[in-house]
Amino acid sequence: MSRNEFICDCNIIHEDIVKSTLKNMGDEDLFNKLAEFFKILGDTTRTKILFALDQNELCVCDIANVLGMSKSSISHQLGTLRRSGIVKCRKEGKEVYYMLDDDHVKQLFEVGIEHIEHKK
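What you see is a predicted model, and the numbers here were worked out from it, not measured in a lab. (Residues numbered from 1 in each chain as written. Predicted model: local features only at pLDDT ≥ 70, side-chain atom pairs only at ≥ 80, totals over all residues. Heavy atoms only, no water.)

To continue, consider the sheet that holds strand β1 (residues 58-59). Here we have three strands laid out as an open sheet, ordered β1-β3-β2, and antiparallel in their pairing. Single-partner strands in this sheet number two, and they are β1 and β2 (87-92). As paired strands, β1 and strand β3 (residues 95-100) are joined by two bridges and run antiparallel to one another. Residue pairing in the sheet places C59 in a bridge with Y97 of β3. Its contacts with the sheet place helix α5 (residues 71-83) against β2 and β3, and it is angled at close to 115° to β2. (Pairing = 2+ DSSP bridges. Helix = DSSP H or I, 4+ residues; strand = E, 2+ residues; numbered from the N terminus. Contact = heavy atoms within 4.5 Å. Axes fitted to C-alpha atoms, helices over the stretch in contact; angles between N-to-C directions.)

As structure tokens, then:
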């Protein structure tokens, strides 16, 4: 397949499709927030944390053991994920348990894994 196969060689503008697409486009703030959301997910350590939390609700010590990392580095990453609304926590006595924030995050994460597994 040559590179030129992916270049549009016509000068036709499909006005109805362009107008429809423009009408449904979000504002700049939406795209900035969406890009930031995916940027947060674009870190391997945070992705591993999300995978672990997709399996179970875990405390920092548990996540540190699963990932073979220090509690400090896990806490730092969890802070980033929590501020971004990707994970949430609950306190039980002295322990703090982390989980995915909601079903949207869970579905997005699982669909991403499914997409990658499907491409193998």
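The next thing to look at is helix α3 (residues 44-55). The terminal C-alpha atoms of α3, which comprises twelve residues, lie 17 Å apart, in line with the 16 Å expected from a rise of 1.5 Å per residue. All buried positions along α3 are accounted for by R46, I49, L50, A52, L53 and D54. Measuring from the side-chain oxygen of the N-cap residue of α3 to the backbone nitrogen of T45 gives 3.0 Å; that N-cap residue is D43. (Expected span 1.5 Å × (residues − 1). Buried < 20%, exposed > 50% of the residue type's maximum accessible area, 1.4 Å probe, protein only. Polar contact = N/O pair within 3.5 Å; in protein donor to acceptor, adjacent residues only side chain to side chain.)

A separate point is the side chain of R46. Of note, R46 is situated in helix α3. Nearest to the buried, unbridged R46 among oppositely charged side chains is D43, at 4.3 Å. Discounting residues that sit within four places of it in the chain, R46 has contacts with K39, I40, Q77, T80 and L81. (Lys, Arg positive; Asp, Glu negative; His and termini not counted. Salt bridge = Lys/Arg side-chain N within 4 Å of Asp/Glu carboxyl O.)

Attention shifts here to the pattern of salt bridges. Counted by the stated rule, this structure contains seven salt bridges. For E15, the salt bridge is made with K19, and the minimal N-O distance between the two is 4.0 Å. Of the two residues, E15 and K19 both sit in helix α1 (residues 15-24), four residues apart, roughly one turn of that helix. Per residue, the accessibility class of E15 equals that of K19, and both read exposed. Here E110 makes a salt bridge to K106, at a shortest N to O gap of 3.0 Å. Placement of the pair is E110 and K106 together in helix α6 (residues 103-118), with a separation of four residues, close to one helical turn. Taking the relative accessible area as the measure of exposure, E110 reaches 33% and is therefore partly exposed.

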